[in-house]
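For reference, the chains in residue letters:
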Protein chains: 2
Amino acid sequence: MISKKMQQEIKGSATIRAMFQEGRAMAQEFGAENVYDFSLGNPMTPVPAEFNRAVVEAVQTVSSMELHGYMDNAGYPETRQAVAEDLNRRFGTDFEGKHIVMTVGAAGALNVVCKTLLDPGDEVLALAPYFGEYRSYVANHQGVLREVKPDAKTFQPDLADFEAKITEATKAVIINNPVNPTGVIYPAGIIQAMADILRKKQAAYGKEIYLVSDEPYRELAYDGNEVPFLTHYYDNTFVTYSFSKSLSIPGERIGYIAACPKMAGCSQALSGLSVANRMLGFVNAPSLMQKALVASMGAKTDVAYYDRNRQLIYGSLAKLGFTCAKPQGAFYLWVKSPDADEKKFVEAAKRHHILLVGGATFSCPGYVRLAYCVSYEMIERSLPAFKKLAEEYRLA
Amino acid sequence: MISKKMQQEIKGSATIRAMFQEGRAMAQEFGAENVYDFSLGNPMTPVPAEFNRAVVEAVQTVSSMELHGYMDNAGYPETRQAVAEDLNRRFGTDFEGKHIVMTVGAAGALNVVCKTLLDPGDEVLALAPYFGEYRSYVANHQGVLREVKPDAKTFQPDLADFEAKITEATKAVIINNPVNPTGVIYPAGIIQAMADILRKKQAAYGKEIYLVSDEPYRELAYDGNEVPFLTHYYDNTFVTYSFSKSLSIPGERIGYIAACPKMAGCSQALSGLSVANRMLGFVNAPSLMQKALVASMGAKTDVAYYDRNRQLIYGSLAKLGFTCAKPQGAFYLWVKSPDADEKKFVEAAKRHHILLVGGATFSCPGYVRLAYCVSYEMIERSLPAFKKLAEEYRLA
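Residues numbered from 1 in each chain as written. Chains lettered and ligands numbered in written order. Predicted model: local features only at pLDDT ≥ 70, side-chain atom pairs only at ≥ 80, totals over all residues. Heavy atoms only, no water.

### Concerning the overall build of chain A
In terms of regular secondary structure, chain A is built from 13 helices and twelve strands. On C-alpha atoms alone, chain A measures out to a radius of gyration of 21 Å, which is about the 21 Å that the 2.2 N^0.38 rule sets for 396 residues. Expressed along its principal axes, the backbone C-alpha trace of chain A runs to roughly 60 × 55 × 55 Å. Taking all 396 residues of chain A together, the buried fraction comes to 63%. Taking as baseline every contact in chain A between residues at least 6 positions apart, the subset at least 24 positions apart corresponds to 75%. Roughly 14,600 Å² of accessible area belongs to chain A as shown, and the carbon and sulfur atoms make up 52% of that amount. (Helix = DSSP H or I, 4+ residues; strand = E, 2+ residues; numbered from the N terminus. Rg over C-alpha atoms; globule rule 2.2 N^0.38 Å. Buried < 20%, exposed > 50% of the residue type's maximum accessible area, 1.4 Å probe, protein only. Contact = heavy atoms within 4.5 Å. Areas by Shrake-Rupley, 256 points an atom, 1.4 Å probe, with all protein chains shown as cover.)

Put into structure tokens, the structure is as follows:
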């Protein structure tokens, strides 16, 4: 038999798998065009042509052993330099190439940071509601995840709860901005307040507490909302990033960690990130992707596509009487369940061929997540079903 | 400060880093052509042209969202099917696509297998001398690595010690074949004997003990030596593989796990592998590489190149009086240190501008590893230096 721990994990995954298969069965029974699947957070805008051109050019011009070969565990120097310069240009930061470690996506980046920071029993705070995988990433390295409550009106963090949850055992805080699953953006004022609290606690406990800013949705910000760049607010910060959303290349597993140059013991931390990349079996970020990035660092997918979807779905659901957090970034809408038990609401939606994810997945029951990284036409087709669902709950 | 565990790891890595930098400093001082670096096990034969053609063709013909998109955590169905068919054709096995999980190289594969199998305290056996990273891969998942002694003459496993080291706590045995660092191949007779012992122990303890066959060097076998395919010998077997050596693409991080269809609880084990791939932050093997593999599964790099090096270095060192294990596979030569303390021998070699790795790295002091994945010309140039080294130790 496989491990007892993994047997439990498989049971948890079986629920998601069941939902996925149910969706496919529904599509077969009712026709794919009559099923409205808002459950998956997968990018769906085209890959920028310049990125694919950069891939082909790298294959045709770089020596194949350099192109597909090993490099330093932290990545090719020119890729790390290109990332540093791109960040400096956009955010007025002072990164050098050495502060950047290329990783197997943001998921790889987070595991590398956790491996570098955590001794057994160290606590990591996450701001509910949060991406459920954070639980695994922290547990992989024997850390203990603690949750910070949200303000139930704004879905900004409850700062009093944040301060109360920081203890001597706290080693790190993960902030995801813009937020999966709520679509809200934590503004500068909130970040500043959190940084002040962290500095106070660092002084009180005489130890470092690290901020891990997980930013795969950074470029998906709407209505001119700005996503604060955290190294400007707090020195002990790691930024974890993935090109999955900005270039629509999630399958390629390419991202990075940027360590704030002013971090305490920065050089030791950078060594730790490299060693962790190797020890965990990532070894390095995929080499061809690193080469292609250098020539297409400025490439961006069509963010306006998601914005158009956002306006349609948010406007329509609000008009139907649903209570939604105003979506400012990422491609998620966070909807208050009209049923106290959101599982029943998810089931009711399913009867109207609408697939949603219940808030328990994100440690926040009573809500559902709707991923609008779908076709505009599917949203249009789904609106009569949402209308019936609203009527069923007498929302109007 | 980063974790205490990682601070220790960095110290260990610093030694390797220091050697690497010393090598570079020597190359600067004496000229690169006068330094003979046999320390790194990096592939150095060209990438097959058909592989690069397959990459370009995939970019030019597959829809970019399919090409770079998410797929099932286990990989694209057509890639898994292509791997299964390739194995069946070559080894007469009965794999279906579902038995194959695409991974981020063999290092990723081993971590995924360990995550799937190990509960805290479970023991994993490795056959000394072994690739030192196995220690990290087992410890990452709170397993305990135990070492099996080699027969000091043949560097085959000491079967009596193997049997003695299997306890009720043993969950898995890692076999690397051909072997890094010795270059020997474990033949069918040894594998059969080990499988028989494992079956006996499984029956005695009433539990599964898994074989993990780590085979990144499978295609690098010389003199017609055959590398046994382990699922023919033992049902509870996972084969872990990387295309790093066979295609010279180590930077791309692409490999797989093949689970024996007759394994106990095979379907649960396969679910575990998929879940582990996601939980550990690999998520999936790089997507473009998976697509390119389908069209170039039969491609192979120039193995004869390594064979030519092998004959030159083994023949020359044996003639000079060094005691070497006869290299049958991979691209390593395992040399008995003429000094009881192999660290002193490594230092002596360095004075002749020869860079080697001491056996302690592989849990086998008293020996050194020489990686002959270098240019033939460098080996030729190095021979006078080896001659002086032999004279210093009065070997002739």
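Continuing now.
### Quick look at the relation of the copies chain A and chain B
You can overlay chain A on chain B at an RMSD of 0.0 Å; the transform is a turn of 180° with a shift of 0.0 Å along its axis. Taken together, the rotation and translation relating the two chain copies correspond to the operation of a two-fold axis. Among all residues of chain A, the minimum C-alpha distance to the rotation axis is found for A:V56, at 2.9 Å. (Least-squares fit on C-alpha atoms with pLDDT ≥ 70 in both.)

### Concerning empty space enclosed by the protein
Tallied over the full model, the rule gives nine cavities of 30 Å³ or more. Counted by class, the lining of the largest cavity contains four nonpolar, five polar and no charged residues. (1 Å grid on protein atoms, 1.4 Å probe; cavity = no way out; pocket = protein on both sides within 12 Å on 5 of 7 lines; lining within 4 Å. Points joined across faces, edges and corners; volume = space filled by probe spheres on them. Nonpolar A, V, L, I, M, F, W, Y, C, P; charged D, E, K, R; others polar.)

### Structural notes on the environment of B:C260
As for its position among the elements, B:C260 is in the loop between β8 (255–259) and α9 (266–279). Excluding its chain neighbours within four sequence positions, the residues that come into contact with B:C260 are B:F95, B:T231, B:Y234, B:D235, B:T237 and B:C266.

### Some points on the sheet that holds strand β2 (residues 100–103) of chain A
All names here are of chain A. Taken together, the seven strands give an open sheet; going across it, the order is β2-β8-β7-β6-β5-β3-β4, and neighbouring strands pair in mixed fashion. Looking at strand neighbours, the two that pair on one side only are β2 and β4 (144–148), the edges of this open sheet. Within the sheet, the average angular offset between the axes of one strand and its neighbour, ignoring direction, is 20°. Taken together, the five bridges between strand β5 (residues 170–176) and strand β6 (residues 210–214) define a ladder with parallel strand orientation. Following the sheet pairing, I174 is matched in β6 by V212. Strands β2 and β8 (255–259) of the sheet are contacted by helix α4 (residues 77–91), whose axis makes an angle of about 115° with β2. (Pairing = 2+ DSSP bridges. Axes fitted to C-alpha atoms, helices over the stretch in contact; angles between N-to-C directions.)

### Comments concerning the interface of chain A and chain B
Listed by partner, the interface residues are 74 residues for chain A and 74 residues for chain B. When chain A packs against chain B, close to 6,000 Å² is buried across both sides, 53% of that on carbon and sulfur atoms. Looking only at chain A, the three residues that lose the most surface to chain B are A:H68, A:Y70 and A:M279, adding up to 11% of its buried area. The partner of A:R278 in a salt bridge is B:E133, and the shortest N-O contact between them spans 2.5 Å. Linking chain A with chain B are 44 residue pairs in polar contact (both at pLDDT 80 or more). Tallied by class, residues from the side of chain A that touches chain B come to 35 nonpolar, 25 polar and 14 charged. (Buried area = accessible area lost by both parts, 1.4 Å probe. Salt bridge = Lys/Arg side-chain N within 4 Å of Asp/Glu carboxyl O. Polar contact = N/O pair within 3.5 Å; in protein donor to acceptor, adjacent residues only side chain to side chain.)

### Remarks on unusual backbone geometry
Excluding glycine, most residues fall at negative phi; most peptide bonds, likewise, are trans. All names here are of chain B. The peptide bond linking A128 to P129 adopts the cis configuration, its omega dihedral lying at -10°. Relative to the assigned elements, P129 resides in the loop between β3 (123–127) and α6 (133–140). P178 follows N177 through a cis peptide bond whose omega is -10°. On the secondary structure map, P178 appears in the loop between β5 (170–176) and α8 (188–205).

### As for the pattern of salt bridges
All names here are of chain A. All chains considered together, the criterion is met by 38 salt bridges over all chains. One salt bridge in this structure joins R351 and E392, with 3.8 Å as the shortest N-O distance. Placement of R351 in helix α12 (residues 342–351) and of E392 in helix α13 (residues 376–392) is noted, with a sequence separation of 41 residues between them. According to the relative accessible area criterion, R351 is exposed, its value standing at 58%.

### What to know about the packing of aromatic side chains
All names here are of chain A. Applying the stated rule across the entire model yields 43 aromatic pairs over all chains. Pairing Y217 with F331 gives two aromatic rings, centres 5.5 Å apart and planes at 85°, and the pair type is edge-to-face. With Y217 in the loop between β6 and β7 (237–242) and F331 in the loop between α11 (303–319) and β9 (332–336), this pair connects stretches of sequence that are 114 residues apart. Note on accessibility: Y217 and F331 belong to one class, buried. The structure contains a cluster of three or more aromatic residues connected by ring pairs, namely F38, F322, F345, F386 and Y393. Across from the ring centre of Y376, 3.9 Å away, lies the NZ or CZ of R308, which sits over that ring. (Phe/Tyr/Trp six-rings, centres within 6.5 Å; stacked < 30°, edge-to-face > 60°. Lys NZ or Arg CZ within 6 Å of the ring centre and 35° of its normal.)

### Looking at α8(B)
Residues and elements named next belong to chain B. Compared with the 26 Å implied by 1.5 Å per residue over 18 residues, the 26 Å span of α8 between its first and last C-alpha is a close match. Against β3, α7 (159–165), β5 and β6 (210–214) lie the buried residues of α8. G206 sits one or two residues past α8 and shows a positive phi near 60°. (Expected span 1.5 Å × (residues − 1).)

### Structural notes on the sheet that holds strand β11 (residues 357–358) of chain B
Residue and element names in this part refer to chain B. Strand order in the open sheet formed by three strands is β9-β12-β11, and the pairing between neighbours is antiparallel. Single-partner strands in this sheet number two, and they are β9 (332–336) and β11. As judged from the five bridges shared by β9 and strand β12 (residues 367–371), these two strands associate in the antiparallel manner. Residue pairing in the sheet places V335 in a bridge with V368 of β12. Each of β9 and β12 touches helix α11 (residues 303–319); the most contacted strand, β9, lies at about 10° to it. Sheet contacts for helix α12 (residues 342–351): β11 and β12; angle to β12, the most-contacted strand, approximately 40°.

### Observations concerning the state of the cysteines
Scanning the entire structure with this criterion turns up zero disulfides over all chains. In this structure B:C364 is a free cysteine whose sulfur lies 14 Å from that of B:C324, the closest cysteine sulfur available. (Disulfide = S-S within 2.5 Å.)

### Focus: the side chain of B:T103
All names here are of chain B. With respect to the element layout, T103 can be found in strand β2 (residues 100–103). At a separation of 2.8 Å, a polar atom in the side chain of T103 contacts the main-chain carbonyl oxygen of G105. Here Y256 takes part through its backbone nitrogen, which lies 3.2 Å from a polar atom of the side chain of T103.

### Looking at α11(A)
Residues and elements named next belong to chain A. For α11, built from 17 residues, the straight-helix expectation of 24 Å at 1.5 Å per residue is met to within 8% by its first-to-last C-alpha distance of 24 Å. Turning to α11, its buried residues are V303, Y306, D307, N309, R310, L312, I313, S316 and L317. Next to the buried residues of α11 lie β9, β12 (367–371) and α13.

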